[in-house]
Amino acid sequence: MRIFTANGVSAKLVSFDFSPALIENAKAAGVDADQVINLYDVLCQIDYHQSTVVKLNDLHIDGVAANSADDQTTRFYKDGELNAQVEVDEQERVVTVRHFDDQEHQVKVQDYSCLGYVARERTYSSEDGRTTLRQTNYYNQAGEVCLTFDYQHGRQSQLQSIQLVLANEVRQFDSELQLQAYFLDTLNQHATQTVFVADRVSKAGPVLQAMTTETTKLAVIHTNHQLEDGRINPLYNDLFAHLDLWNGLIASTVKQVAALQQFVSSLPIYHASMSIVRDVNFDNVPKPVDHKPGTRILMVGRISPVKQFEEGIEIFRLVHLKYPETTLDIYGDTSTTVEADHDYYLKLLALVQRLELEDCIHFRGYVADLEPLFDHYDALLCTSKREGTALVLNEAMSRGVPVVSYNFDYGPDEFVENGGNGYLVPVGNRELAAKQLGGY
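I will try to describe carefully the structure that is included in this document. These figures come from a predicted structure and were not determined experimentally.

1. Some details on the environment of Val403
By the secondary structure assignment, Val403 is in strand β21 (residues 403–406). With 269 residues separating them in the primary sequence, Val403 and Arg134 have C-alpha atoms 52 Å apart. Contact partners of Val403, with chain neighbours within four places excluded, come to Leu380, Leu393, Ala396, Met397, Val416, Asn421, Gly422 and Tyr423.

This is how it looks when you write it as structure tokens:
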């Protein structure tokens, strides 16, 4: 949204996911409520300007209350058995209410919107000790059901049908894809010269391809479209199999645009930089790495094999041999539920331990706003195998932090002036990277 706003182009953020705190999250990211269009909020005709506050005492739940240690979860017991559980946020607003039967099986879950109403209600059944989802209802602010998802009985919850009640009309859908395509078609019919830009092609692409109304559809390529062995990146298999349903592709670097033009001849390829940074510190122009006692290096990225953090750790080891007081902080979500990424994180921890660097390499977890943190570091190290663009390079340099980066595809050589605001190193050349960080 910043890119469109910075260029004076009217745009709205369209989302399919149910998100009770969507408006607050959007505002926190600098996006106004009138720039957001959400499937559930539109089809349930939610008024973002109508809000109230629901707190625990407003619920009047039977039973004896017992608070959790953090006071954000309250359990209610009736006749010694769990009857309900209420979860609140840091402002003590009700977020979720869970109801249980006399066997303490979860039978109903109510999710409250940040606007202060029950936005979603899920009902469950318990058979043979298993709890399965039976129905999900989405409500408007008047408490009326607007959307109903029914699920088949069985060992697992499988969507059977969706019913939409809108303007006294009832519509039936067989899948979420049909509902989402209907939603986009409805938006398209109420606007002129609409252009849909799929920011996450793997998710939004199939929906745009299922639309029945005519419109312009552009797909953003955020990462490498080809793997090292020449195969199409699995993220884009569906896109490249249905190029006839698209009107163009967008890449964030000149180099990838050129590569896509060689790869795809049937569509125009557009260049649009995705690097928008705030609070640029023009008075602190990045300079070559200047080592001093206590130099702090950081790495940033999703804890995933493609980021090659093990390369950064090995490079740091070489630097640390010469500068023992140097430290490395790694920022990225270490609580990931993706099995491959979690296993990779454990391997990184084992590597740090094997190299006996536990006292100077620290995993700092996920941080929502990194920009203020850059002021506390002396250099950024980036050792990715591949990227669509490396926003973190620009973020660091905008705060006066020099970078040492592998010169992978795509991005570093378009942002980093080698020897000026940082250094570019061939992928895999640990010794040269360590040298540029002052390690030799």
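Next comes the rest of the account.
2. Here's the deal with the side chain of Ser15
Relative to the elements of secondary structure, Ser15 occurs in strand β1 (residues 13–15). Among the polar contacts made by the side chain of Ser15, one reaches the side chain of Asn38 at a distance of 2.9 Å. Not counting chain neighbours up to four residues away, the residues in contact with Ser15 comprise Leu22, Ile37, Asn38, Leu39 and Phe183.

3. Concerning unusual backbone geometry
Cis rather than trans, the peptide bond between Asp409 and Tyr410 has omega equal to 5 degrees. Note on placement: Tyr410 falls in the loop between β21 and α11 (412–415). Although it is not a glycine, Gln193 sits at a positive phi angle of roughly 50 degrees.

4. Quick word on helix α4 (residues 176–189)
Over its 14 residues, α4 runs 20 Å from end to end, which matches the ideal 20 Å to within 8%, given 1.5 Å per residue. If you check which residues of α4 are buried, you get Leu179, Gln180, Ala181, Tyr182, Phe183, Leu184, Asp185, Leu187 and Asn188.

5. Side note on the pattern of salt bridges
In total, this model carries 18 salt bridges according to the counting rule given. Residue Arg120 pairs with Asp111 through a salt bridge whose shortest N-O separation is 2.8 Å. In this structure, Arg120 and Asp111 share a single accessibility class: buried. Glu169 is the salt-bridge partner of Arg171, the closest N and O atoms lying 3.8 Å from each other. Arg171 sits in the partly exposed class, given a relative accessible area of 35%. We classify Glu169 as partly exposed; its relative accessible area is 46%.

6. A word on the packing of aromatic side chains
Tallying each qualifying case throughout the model produces 9 aromatic pairs. Between Phe173 and Tyr182, the ring centres sit 5.3 Å apart and the planes meet at 50 degrees, which makes this aromatic pair tilted. For Phe173, a relative accessible area of 7% translates into the label buried. Classification of Tyr182 by relative accessible area gives buried; the value is 19%. Both rings, one in Tyr345 and one in Phe363, keep their centres 5.3 Å apart while their planes meet at 80 degrees; by these two values the pair is edge-to-face. Residue Tyr345 is located in helix α9 (residues 339–354), and its partner Phe363 is located in strand β19 (residues 361–365); the two are separated by 18 residues in the primary sequence. The pair Tyr345 / Phe363 is uniform in exposure class, with both members buried. Sitting above the plane of the Tyr377 ring, Arg296 keeps its charged end 4.4 Å from the centroid.

7. Section: empty space enclosed by the protein
Under the criterion given, the structure shown has 2 cavities of 30 Å³ or more. Approximately 130 Å³ is the volume attributed to the largest cavity. Surrounding the largest cavity, 17 residues form its lining, Ser19, Pro20, Asp41, Ser113 and Tyr117 being those nearest its centre. Elements with a minimum of two residues in the lining of the largest cavity: α2 (22–28), α3 (39–43) and β9 (130–139). The residue inventory of the lining of the largest cavity, partitioned by class, reads 13 nonpolar, 3 polar and 1 charged.

8. Regarding the packing of helix α8 (residues 309–322) against α9
Closest axis-to-axis distance for the α8/α9 pair is 10 Å, and the angle between their directions is 10 degrees. Classified by the angle between their axes, α8 and α9 sit roughly parallel to one another. Together, Phe309, Glu310, Ile313 and Glu314 of α8 and Tyr344, Leu348, Leu351, Val352 and Arg354 of α9 make up the contact between the two elements. Tallied by class, residues from the contact of α8 with α9 come to 6 nonpolar, no polar and 3 charged.

9. Here we look at the nonpolar core
If you look at the biggest cluster of nonpolar residues, it comprises 57 residues, and the most contacted ones within it are Leu147, Leu184, Leu239 and Leu249. With 6 residues, α4 is the single largest residue contributor to this core. The contact partners of Leu184, leaving out residues within four places of it in the chain, are Val14, Phe16, Phe196, Val207, Leu208 and Met211.

10. Quick word on the sheet that holds strand β14 (residues 216–221)
Taken together, 4 strands build an open sheet; the order of strands is β13-β14-β15-β16 and the sheet is parallel. At either end of the open sheet lies a strand with only one pairing partner, and these are β13 (195–198) and β16 (269–271). For this sheet the average axis-to-axis angle between neighbouring strands, irrespective of direction, equals 30 degrees. Sheet topology note: the β13/β14 ladder contains 4 bridges and is parallel. Looking at the pairing, Phe196 lines up with Lys217 of β14.

The rules we used
- Residues numbered from 1 in each chain as written.
- Predicted model: local features only at pLDDT ≥ 70, side-chain atom pairs only at ≥ 80, totals over all residues.
- Heavy atoms only, no water.
- Helix = DSSP H or I, 4+ residues; strand = E, 2+ residues; numbered from the N terminus.
- Contact = heavy atoms within 4.5 Å.
- Polar contact = N/O pair within 3.5 Å; in protein donor to acceptor, adjacent residues only side chain to side chain.
- Expected span 1.5 Å × (residues − 1).
- Buried < 20%, exposed > 50% of the residue type's maximum accessible area, 1.4 Å probe, protein only.
- Salt bridge = Lys/Arg side-chain N within 4 Å of Asp/Glu carboxyl O.
- Phe/Tyr/Trp six-rings, centres within 6.5 Å; stacked < 30°, edge-to-face > 60°.
- Lys NZ or Arg CZ within 6 Å of the ring centre and 35° of its normal.
- 1 Å grid on protein atoms, 1.4 Å probe; cavity = no way out; pocket = protein on both sides within 12 Å on 5 of 7 lines; lining within 4 Å.
- Points joined across faces, edges and corners; volume = space filled by probe spheres on them.
- Nonpolar A, V, L, I, M, F, W, Y, C, P; charged D, E, K, R; others polar.
- Axes fitted to C-alpha atoms, helices over the stretch in contact; angles between N-to-C directions.
- Parallel < 35°, antiparallel > 145°, perpendicular 65-115°, else oblique.
- Core = buried A, V, L, I, M, F, W, Y, C linked by side-chain atoms within 4.5 Å.
- Pairing = 2+ DSSP bridges.

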